[in-house]
Amino acid sequence: MTSDHSSYTVEMSSDELKTVDFQSQKEKDEPGGSNSSSSHRSISSNTWRANSIKEVGVIELGSKGARYGSRKGGSSSMSMSRREISDEDSRKVYINDPVKSNESFDFSGNSVRTSKYSVLTFLPRNLFEQFHRVAYVYFLIIAILNQLPQLAVFGRFASILPLSMVLLVTAIKDGYEDWRRHRSDRIENNRLASVLVNGTFEHKKWKDIQVGEIIKFSANETIPCDIVLLSTSDPTGVAYIQTINLDGESNLKTRYAKQETLRSNEVERISGVIKCEKPNRNIYGFLGTMEIDQKQVSLGPSNIVLRGCVLKNTSWAVGVVVYTGMETKVMLNNSGAQSKRSHLEDRMNREIIYLSFFLVALCSIVSILAGIWLRRHRDELDIMPFYRRKDYSGEDVDNYKYYGWGLEIFFTFLMSVIVFQIMIPIALYISMELVRLGQAYFMIRDDNMYEESTDSRFQCRALNVNEDLGQVKYVFSDKTGTLTENKMEFQYASIFGVDYNGEKTDFYGEQGGYYAKVDGLILRPKMAVQVDKELVRLLRTGDDVKIGKPIYDFFLALASCNTIVPILVDTANPAEKLIDYQGESPDEQALVYAAAAYGFMLIERTSGHIVIDILGDRQRFNVLGMHEFDSERKRMSVILGCPDSTVKVFVKGADTTMFTVIDKSKNTDVVTATESHLHAYSSVGLRTLVMGMKGLSPHEFEQWRTSYEAATNALMGRARILKKVAMNLETNLSILGASGIEDKLQQGVPEAIESLRMANIKVWVLTGDKQETAISIGYSSRLLTSKMTQIIINNNSTESCRRSLEEALIISRKATTSGENAKPLALIIDGTSLVYILDSELEKQLFELASKCAVVLCCRVAPLQKAGIVMLIKKRTNDLTLAIGDGANDVSMIQKADVGIGISGQEGRQAVMASDFAMAQFRFLVPLLLVHGHWNYQRMGYMILYNFYRNAVFVLVLFWYALYTAFTLSTAINEWNSVLYSVIYTSVPTIVVGILDKDLSRTSLLKYPQLYGSGQKQESYNGKLFWLTIADTVWQSVVVFFVPLLAYRKTDVDGSSIGDLWTLAVVFLVNLHLAMDVNTWNWIIHASIWGSCVATIICVIIIDVIPILPGYWAIFHLAGDGKFWVCLIAIIVASLVPRFVVKTLVQHYGPSDIQIAGEAEKLEDQIELRNAEIEMNQPQR
């Protein structure tokens, strides 16, 4: 590949706007501004019929060797639809002969199963999944060790209770969820369908349907399996389906039965063989052939209807089953989004490893000191009280539970592990799940993230990344449908070199806009479009034929060159109906509504013809052929048989691809003017399309038809041949004009981007639109500002990209060294340049450049390139990434980012189904991140540290006790108190505070977006806080242990009594410690903290009144002494005073932004209260 010499230009458009453009001398490859429909339609005339096939492939995101920057990245994972179909990669289906179809092949039944467990597999499989958590394995080992007589420290039942409770709660939750899935599967499998049996249609349960059977379904019925259409109630074989259950799209699609099966006298007698690809996940592709009546015909995506689709606007349809049950495309796609784990949990796991080392250190100290003690007292062990190594109960005097010095040290180490086991907090995992569930509830119920127009609430589709919302550094956003509404509105038209962007009006002369009269009914478009007065005048008068003919052809192209289906909608007036134009592309809908507003109203479409009301004159056009939009041609074309017996080809598509097939020698001035108009439209953010046409002679049409029939019937390389036929047809076109469609910004987008920028979040926009359109949207959304220096990179070779990056880096370094006067940088790069940069040595330079830019705008990018840009950041930084989009082309980006958000918009629900969270508007990102994200991170960070603290302080009390009891690991604290400490005594308050506490109000967090930086800087959970927490824990444990020890040192108090004191002291201490840190009190937090203290007292009393347990009546003997209460108060005061002093000093001399904002809130509340008192106390005049 030859490298071009890139030009380096600096354009100064104003004193404050500077653009640095690195652009190679090439003809830029710019895809169309429209996402044309992908429905597939058969075409017919009175004597001829064929099928238009559009075949697509699926790219597996995780496929080996996928290259984000390559044009052919991931091609190795293409579905069968893009490859040839061979015998080993195909299946044979005998029509109306399920026995023969299934005797040679092991086809799946039509029963579906979305549940995970059965009665027999639930217990083993659920336990296996739960024990994937290493902490659970750790506690299982501890419980097993405690069952050994040599190591038994706690009672055997008490030692397994904590783990059993955690496993039981999780199993109940999993079992309930799976029971609901079983119930749903049972309802689904027992639905009834009409199946052809012995020549008549009979009802049959869905689960009993087999491959090869013929089924019949009626309007509004759901399709039970994947079928190939054989016949429909429409004479031309068309069926309208709704795929909302499949991809979330509510617009109707069209599917067609083959002419050969339509012509059969009776469907019941149809017989033949279908050879098709094996089951795969590609819901947009299908490849097969059907042999019927000794003739072989091709099958494509337009001939198959998938399970879950609903038949609409068609009385009935008949088809043959090709895929059933778990082999249907919808079930093969039912795998869910990839699992993610939060960064906070990753860091927590690292701290747990530190705690594990700390635990090993404690156990090692105890075991080593135990060995030293045994060695020092080895001559006294036989007679020493409370040890008694010898057993004198029998005739032979043997050692009693003494296995030698070495084994005693080893057993002491293992016993220490059992006693100190809660240093690793098992309850933390289930506490985190419950806190996340509570946080999700409040996010879902937040009315500030509720879209009233669509009745859409925020959705939490994954609970394990809630806290990551508070640490996001990069936001990667799609443009169309994410920043914009994806509700297209026709604005400008350039027709034959004339720009019609003048005065607009809502009416076409008649009140309510243009309408057509058909069979006594008044038909109006459902959506009104403002029209250009001058253009309307020219259409009505038609004085100048030279001007009127191109205008006529232009609007005829808008009305006909599409896959729109007109649907009649009833109104309150029986004599009037609305036409709702259904289609997969919002661009196409906008163009057809515009044509209708100007008097070219599409009122009927079948597979063979369309009817257009042209200024009151109904005209029928035969659809002789259609080539749908594809990503390589970036255009679509339709061949019409006109009422005057002429044949015309109308083509629309992206400007760059259209100008390559337009004959510029015919109307040079018109082409030049149109190009100028296109640039002007793009500059104001409009999406553009170019229209062209040409006439076909009978010979040319016959030549095309022959080629087309051969291509559609080809068994090998069908898609490639069809594309070649289309490209041969779409040549030497006459230009008609261009359209400018506005995709308006969503409400609140500029303000949202400004807030995100103030929060130090970098917003990158990744779009497939033209550069000019993307830049214009950038300005209107405040992503770009006039004070920014723009660096533009448009290249088509590796060398030119390298030079552009090097020169851009020089600019960025100069800007960095300019100090306070430095202007922020904005990088604008196109997808073609990314082809040569991503997955190459230039990635490092791109990252260095992008990291110095305030804004990055990538235009003309493919879906895999979007994922590549996300991975560029993830591989080179530890910063958290968030991707947000609304379409299927955003799925790869959403899945690769740390947090994926889907917009439930106009392009279906593919993005939503792949996301972690879903919402209706981009502006909701502000309350989600700045409010809920901040709260979630702050709460979860504090809760993790608090759990480490509350467990460690209890363990250290046991550790100090072991040092004073000859390292025997006997415990003064009752074993049941040890078990209940993490389960009842201290668990509830931390969960409640983790859900409800708010360090700052919503108002402050939205008013000062800079406060979001606390999460980015990990202020609530970091290594420094962890070690400070451990240090504070050691101090508090020393106080808890030694105050009672010194107070009762010379008394006869027993171990059980002082154990109860330690238990109550630790529980009161950790709950008051938590209370000191609560920011927002409410009755639930009060009840949880003080209720836990009361519950502890009650439990200790109950345990001490059970005669069979050690320490009978101990608490009553101890609590009757005033020394007990003095010790309790002294422990709490001495433990918490240092913490209180340090917190006070830090907040006074080095407060964080969060603390300053919190004090400001309190001050504002006091001022408001004082003002209110003044108003109430004003004397009456």
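Residues numbered from 1 in each chain as written. Predicted model: local features only at pLDDT ≥ 70, side-chain atom pairs only at ≥ 80, totals over all residues. Heavy atoms only, no water.

1. Some details on the overall build of the protein
Heads up, the rule is: Helix numbering and strand numbering both begin at the N terminus, where a helix is a DSSP run of H or I of at least 4 residues and a strand a DSSP run of E of at least 2. Per-residue accessibility, obtained with a 1.4 Å probe over protein chains only, is compared with the maximum for each type, and a residue is labelled buried under 20%, exposed over 50%, and partly exposed between these values. Working rule for contacts: check all heavy atoms of both residues, and any pair within 4.5 Å makes them a contact. Per-residue accessibility takes into account occlusion by the displayed protein chains alone, with areas from the Shrake-Rupley method and a 1.4 Å probe.
Scanning the protein from N- to C-terminus turns up 36 helices and 43 strands. Out of the 1181 residues in the protein, the part that is buried amounts to 56%. The long-range fraction of contacts in the protein, counting pairs at least 24 apart against all pairs at least 6 apart in sequence, stands at 75%. By element, 55% of the accessible surface of the protein is carried by carbon and sulfur atoms, the whole surface being about 50,400 Å².

2. Considerations on the packing of aromatic side chains
Put simply, the rule is: Aromatic contacts are taken between Phe, Tyr and Trp rings whose centres are within 6.5 Å, Trp giving its six-membered ring; a plane angle under 30 degrees counts as stacked, one over 60 as edge-to-face, and the others as tilted. Criterion for a charge above a ring: Lys NZ or Arg CZ within 6 Å of the ring centre, and within 35 degrees of the ring normal.
Per the stated rule, a full pass over the model turns up 34 aromatic pairs. On the basis of an interplanar angle of 85° and a centroid distance of 5.3 Å, the ring pair of F554 and F555 is categorised as edge-to-face. Among the aromatic residues, ring-to-ring pairing joins F420, F959, W960, Y961, Y964, F1041, F1042 and W1062 into one connected group. One residue, K216, lies across the ring of F201, its end atom 5.7 Å from the ring centre.

3. Brief notes about the packing of helix α16 (residues 698–712) against helix α17 (residues 718–729)
Basically, it comes down to this: Interaxial angles span 0 to 180 degrees and are taken between N-to-C directions of axes, which are lines fitted to C-alpha atoms, for helices over the stretch in contact. Roughly parallel means an angle under 35 degrees; roughly antiparallel, over 145; roughly perpendicular, 65 to 115; everything else is oblique. Left-handed describes a crossing whose near helix is turned anticlockwise from the far helix by less than a right angle; the clockwise case is right-handed. Gly counts as polar in this scheme, as do all residues outside two lists: the nonpolar Ala, Val, Leu, Ile, Met, Phe, Trp, Tyr, Cys and Pro, and the charged Asp, Glu, Lys and Arg.
Interaxial distance between α16 and α17 falls to 8 Å at its minimum, and their mutual angle equals 165°. Classified by the interaxial angle, the pair formed by α16 and α17 is roughly antiparallel. Once α16 is placed against α17, the crossing between them reads as left-handed. Counting all contacts with α16, which are made through W704, S707, Y708, A711 and T712, the residues of α17 involved are R718, I721, L722, V725 and L729. When grouped by side-chain class, the residues that make up the contact of α16 with α17 number 7 nonpolar, 2 polar and 1 charged.

4. Notes on a nonpolar patch on the surface
Quick note on the threshold: Patches here are clusters of residues that have more than 30% relative accessible area and form no salt bridge, with a 9 Å joining cutoff for like charges and a 5 Å cutoff for nonpolar side chains (Val, Leu, Ile, Met, Phe, Trp, Tyr). Criterion for a salt bridge: a side-chain nitrogen of Lys or Arg within 4 Å of a carboxyl oxygen of Asp or Glu.
A grouping of V1094, I1097, I1098, I1101, I1102, V1105, I1106, I1108, Y1112, W1113 and F1116 is seen on the molecular surface, where their side chains present a nonpolar patch of about 970 Å² in accessible area. Top contributing element to the nonpolar patch by residue count: helix α33 (residues 1083–1104), with 5 residues. The residue I1106 is located in the loop between α33 and α34 (1114–1119) in this model.

5. Quick word on the pattern of salt bridges
Within the structure shown, the criterion is met by 42 salt bridges. With a closest N to O distance of 2.8 Å, R537 and E534 form a salt bridge. You can see R537 and its partner E534 sitting in helix α11 (residues 533–541), 3 residues apart, about one turn around the helix. Taking the relative accessible area as the measure of exposure, R537 reaches 40% and is therefore partly exposed. Exposure remark for E534: the relative accessible area of 38% places this residue in the partly exposed category. Each of the salt bridges in this network shares a partner with another, and the network as a whole consists of E345, E433, R436 and E467.

6. A few points about the UniProt feature "binding site: Mg(2+)" (unreviewed entry) in the protein
The test is simple: UniProt positions are given in the numbering used here, feature names are shortened, and annotations may be inferred rather than shown by experiment. Pairing of N or O atoms within 3.5 Å defines a polar contact, subject to two protein rules: one partner must be a possible hydrogen donor and the other a possible acceptor, and residues neighboring in sequence count only if both atoms are side-chain atoms.
As recorded in UniProt, the feature "binding site: Mg(2+)" (unreviewed entry) lies at D478, T480, D886 and D890. Across 413 residues, the annotated set stays spatially compact, with a maximum C-alpha separation of 10.7 Å. Structurally, D478 is set in the loop between β21 (472–477) and β22 (484–495). What makes D478 buried here is its relative accessible area of 4%. With sequence-adjacent residues up to four places away left out, D478 is seen in contact with L483, L766, T767, K866, I884, G885, D886, D890 and M893. Looking at D478, its side chain comes within polar contact range of the side chain of K866, at 3.2 Å. Looking at the element boundaries, D890 is found in the loop between β41 (880–885) and α24 (891–896).

7. A look at the nonpolar core
One broad rule of soluble globular proteins: the nonpolar side chains tend to lie buried together. Convention followed: In this text, buried Ala, Val, Leu, Ile, Met, Phe, Trp, Tyr and Cys residues form a nonpolar core when linked through side-chain atoms within 4.5 Å.
Counting 100 residues, the largest nonpolar core has M348, F420, I944, F948, Y981 and W1062 as the members making the most contacts within it. Considering every element that reaches this core, the biggest residue donor is helix α26 (residues 925–963), with 19 residues. Each residue touching M348, except ones within four places of it in the same chain, is listed here: L428, Y429, M432, I944, F948 and Y1021. If you look at the next biggest cluster of nonpolar residues, it comprises 57 residues, including Y514, V518, L556 and A595.

8. Quick notes on the pairing of strand β40 (residues 855–859)
Regular strands have side chains that alternate between both faces of the sheet. Selection rule: Only when DSSP finds a minimum of two bridges between them are two strands counted as paired.
For β40, the tally of buried residues reaches 5 of 5 residues, placing the bulk of the element in the interior. On β40, burial covers both faces: V855, L857 and C859 on one face and V856 and C858 on the other are all buried. Direction of pairing for strand β37 (residues 762–766) relative to β40: parallel, over a ladder of 3 bridges. Within the sheet, the bridge partner assigned to V765 lies in β40 and is L857.

9. Quick word on helix α9 (residues 405–419)
Since the α-helix packs 3.6 residues into each turn, any two residues three or four apart lie on the same face. What counts here: An expected span of 1.5 Å times one less than the residue number is assigned to each helix.
Along its 15 residues, α9 runs 21 Å from first to last C-alpha, staying within 8% of the 21 Å computed at 1.5 Å per residue. Those residues of α9 that sit buried are E408, F411, T412, L414, M415, S416, V417, I418 and V419. In this structure, the buried residues of α9 make contact with α3 (134–147), α8 (343–376) and α26.

10. Details of the sheet that holds strand β13 (residues 288–292)
Spatial ordering of the open sheet is given by β5-β12-β13-β14, a layout of 4 strands whose pairing is antiparallel. Where the open sheet ends on each side, the last strands, each with one partner, are β5 (90–94) and β14 (295–299). With direction set aside, neighbouring strand axes in the sheet form an average angle of 20°. Bridging between strand β12 (residues 273–277) and β13 involves 4 bridges; their strand directions are antiparallel. Across the sheet, residue V273 finds its bridge partner in β13, namely E291.

11. Here we look at the confidence of the model for the protein
Heads up, the condition is: pLDDT gives the predictor's per-residue confidence on a scale running from 0 to 100.
When pLDDT is averaged across the protein, the result is 81; 84% of the residues are at 70 or more. Within the model, the stretch residues 1176–1181 combines pLDDT values under 50 with 0 contacts to residues more than four positions away or in other chains.

12. Observations concerning the environment of K1007
On the secondary structure map, K1007 appears in helix α29 (residues 1002–1007). A relative accessible area of 53% places K1007 in the exposed class. The spacing of K1007 and L930 is 77 residues in sequence and 9.9 Å in space, taken between C-alpha atoms.

13. Examining the sheet that holds strand β26 (residues 521–525)
Strand order in the open sheet formed by 4 strands is β25-β26-β29-β28, with mixed pairing between adjacent strands. Of all the strands in the sheet, just β25 (516–518) and β28 (565–570) have a single pairing partner and so form its edges. Within this sheet the neighbouring strands show an average axis-to-axis angle of 35°, counted without direction. Along the sheet face, helix α13 (residues 586–597) touches β26 and β29 (576–582) and points at about 145° away from the line of β29.

14. Looking at the side chain of Q471
Relative to the elements of secondary structure, Q471 occurs in the loop between β20 (459–460) and β21. A relative accessible area of 5% means that Q471 is categorised as buried. Looking at Q471, its side chain comes within polar contact range of the main-chain oxygen of E467, at 3.4 Å. When residues no more than four places from it in sequence are discounted, the contact partners of Q471 are L344, L880, Y937, Y1012, G1015, Q1016 and Q1018.

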